[in-house]
Amino acid sequence: LVNAGEDVLVFYNDRSSFTVLTQMMASERERADENGSLAYHNTLVDLLAACTEGKNVYTELKCNSLLPLDDIVNVVTDVNCVPEVKIAYVNFVNHCYVDTEVEMKEIYTSSHIWRLFENILVDMATVRYYILKGLPLIFFTNEAVNPLDRYVTETVMSIIRSFFESPFSVNHSMLQNNQSTFIKLLQSAFRIYNLKGIISSQKSNIETCIKALADVAKARSIPIPVDLDSQVNALSLNVHTNAVQRAAKDWRSSARSRPRKEPLGSPDYKNIIEKLQVRLFYFLDYHLSSLRP
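Since this is a predicted model, take the numbers as computed values, not measurements.

Right, let's get into the packing of aromatic side chains. Per the stated rule, a full pass over the model turns up 11 aromatic pairs. Here Tyr 108 and Phe 163 contribute two aromatic rings whose centre-to-centre distance is 5.4 Å and whose plane-to-plane angle is 20 degrees, an arrangement assigned as stacked. Placement of Tyr 108 in helix α7 (residues 105–109) and of Phe 163 in helix α9 (residues 147–165) is noted, with a sequence separation of 55 residues between them. Summarising the burial analysis for this pair, Tyr 108 and Phe 163 share the class buried. Site record: aromatic cluster; members linked through ring pairs are Tyr 108, Trp 114, Phe 117, Phe 163, Phe 164, Phe 168 and Phe 182. Lying across the ring of Tyr 193, Lys 203 places its NZ or CZ 4.0 Å from the centre.

Turning to the nonpolar core, a few remarks are in order. Among the nonpolar cores identified, the biggest contains 77 residues, and Phe 92, Met 124, Phe 164 and Phe 182 are the most heavily contacted of them. Element by element, the count of residues in this core is highest for helix α6 (residues 83–98), at 10 residues. When neighbours within four sequence positions are excluded, Met 124 is seen to be in contact with Val 152, Val 156, Met 157, Leu 185, Ser 188, Ala 189 and Ile 192.

What follows deals with empty space enclosed by the protein. One pass over the full model with this rule turns up one cavity of 30 Å³ or more. Taken as a whole, the largest cavity encloses approximately 70 Å³ of empty space. What lines the largest cavity is Tyr 108, Trp 114, Phe 163, Phe 164, Ser 169, His 172, Met 174, Leu 175 and Arg 220. For the lining of the largest cavity, the secondary structure elements donating two or more residues are α9 and α10 (174–177). Looking at side-chain class alone, the lining of the largest cavity contains six nonpolar, two polar and one charged residues.

Averaged over the protein chain, the pLDDT score is 83; the fraction of residues at 70 or greater is 80%. Scored below 50 in pLDDT, residues 138–144 makes nine contacts in the model with residues more than four places away or belonging to other chains.

Bringing the pattern of salt bridges into the picture now. In the structure shown here, the tally under the stated rule is four salt bridges. With its nearest N and O atoms 2.7 Å apart, the salt bridge here joins Asp 123 to Lys 86. Of this pair, Asp 123 sits in helix α8 (residues 112–132) while Lys 86 sits in helix α6, and the two are 37 residues apart along the sequence. Comparing Asp 123 with Lys 86, the two get one shared label, buried. Linking Arg 150 and Glu 154 is a salt bridge whose minimum nitrogen-to-oxygen distance equals 3.6 Å. Of this pair, Arg 150 and Glu 154 both sit in helix α9, four residues apart, which is roughly one turn of the helix.

Together, Tyr 269, Ile 272, Ile 273 and Leu 276 line one region of the surface with nonpolar side chains, adding up to about 420 Å² of accessible area. Locating Tyr 269 in the fold gives a position in helix α14 (residues 269–291). Look at Tyr 269 and you get exposed, because its relative accessible area is 53%.

What follows concerns the packing of α9 against helix α11 (residues 179–193). The interhelical angle for the contact between α9 and α11, taken along N-to-C directions, is 140 degrees, at an axis separation of 12 Å. If you check the angle between α9 and α11, you find them oblique. As α9 runs across α11, the sense of the crossing is left-handed. Along the contact surface, α9 presents Val 152, Met 157, Ile 160 and Phe 164, while α11 presents Phe 182, Leu 185, Ala 189 and Ile 192. Of the residues contributing to the contact of α9 with α11, the split by class is eight nonpolar, no polar and no charged.

With 20 residues, helix α12 (residues 200–219) should reach 28 Å at 1.5 Å per residue; the first-to-last C-alpha distance of 29 Å fits that figure. Considered for burial, the residues of α12 that qualify are Gln 202, Ile 206, Cys 209, Ile 210, Ala 212, Leu 213, Ala 214, Val 216 and Ala 217. One or two steps after α12, the chain reaches Ser 221, where phi turns positive at roughly 55 degrees.

Phi at Tyr 12 is positive, roughly 55 degrees, even though this residue is not glycine. For Tyr 12, the location among the structural elements is in the segment before α1 (15–26). Overall, Tyr 12 belongs to the buried group, its relative accessible area being 14%.

Here the focus is the packing of α9 against α12. Where α9 contacts α12, the axes come no closer than 9 Å and their chain directions differ by 30 degrees. Taken together, the axes of α9 and α12 are roughly parallel relative to one another. Taken as a pair, α9 and α12 cross one another with a handedness that is left-handed. Of the residues in α12, those in contact with Asp 149, Thr 153, Glu 154, Met 157, Ile 160, Arg 161, Phe 164 and Glu 165 of α9 are Gln 202, Asn 205, Ile 206, Thr 208, Cys 209, Ala 212, Leu 213 and Val 216.

Rules of the game
Residues numbered from 1 in each chain as written. Predicted model: local features only at pLDDT ≥ 70, side-chain atom pairs only at ≥ 80, totals over all residues. Heavy atoms only, no water. Phe/Tyr/Trp six-rings, centres within 6.5 Å; stacked < 30°, edge-to-face > 60°. Helix = DSSP H or I, 4+ residues; strand = E, 2+ residues; numbered from the N terminus. Buried < 20%, exposed > 50% of the residue type's maximum accessible area, 1.4 Å probe, protein only. Lys NZ or Arg CZ within 6 Å of the ring centre and 35° of its normal. Core = buried A, V, L, I, M, F, W, Y, C linked by side-chain atoms within 4.5 Å. Contact = heavy atoms within 4.5 Å. 1 Å grid on protein atoms, 1.4 Å probe; cavity = no way out; pocket = protein on both sides within 12 Å on 5 of 7 lines; lining within 4 Å. Points joined across faces, edges and corners; volume = space filled by probe spheres on them. Nonpolar A, V, L, I, M, F, W, Y, C, P; charged D, E, K, R; others polar. pLDDT = per-residue confidence, 0-100. Salt bridge = Lys/Arg side-chain N within 4 Å of Asp/Glu carboxyl O. Patch = residues over 30% accessible without salt bridge, like charges linked within 9 Å, V, L, I, M, F, W, Y side chains within 5 Å. Areas by Shrake-Rupley, 256 points an atom, 1.4 Å probe, with all protein chains shown as cover. Axes fitted to C-alpha atoms, helices over the stretch in contact; angles between N-to-C directions. Parallel < 35°, antiparallel > 145°, perpendicular 65-115°, else oblique. Left-handed = near helix turned anticlockwise from the far one by under 90°. Expected span 1.5 Å × (residues − 1).

Here it is, written out as structure tokens:
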């Protein structure tokens, strides 16, 4: 891809081409065209995100140079940016700048990620509004979700968790300067978790995100509102209890179906007896042979 040059690597980085990108995102016709320029660009960013997945410093550095944070934030925070593009771009940030083999200091020392988080809060509020109003977000029978719902409950939860669980994030003080945004992320995640329109797979994503945020708040001594803190603690206890109950239920059902056998580490009496019989045979044969004339 790098060797192919600008004809293949279409990023809309300069001012004039960025305007073209925003116009395409605002066009329903362009968004619906699976072979159009917007779909091509989105697929390209998706592909680069996949290339950086798995902590490979070589591909991470290559992709850093192709799509800088400034350009990413400008696209994602634009008023015309659509969920499909946000999914591709934020996944790219997650794999290329956050969940990386080596520290990408820019993501931890600059305001880029916090600008993304502020925009994410708006999208989380939008999803919550749609669900509270009873407007359908899930419109396929196989539990597929619309792009904005998928973006918030999958992509957003993943990058929030990855960023705050990163071993590199503890080395910088940007969190102290953005505590209000941090608390809003926790509040918004908890509110979405409690919505009736959220399916089980989405709840699992949100649970792990809430846990990551709660752990960071405790480790970094970030003051959480009392009511929110008690709700998060109750959720953690409930999640733990449900996990134990599921594990116990799975163990009982599997215990009934599997053949009875000795527990791991217990003596194998049959094998021990056979070995003793063999040794006894050789012992007797040896001593009896010495008594023969």
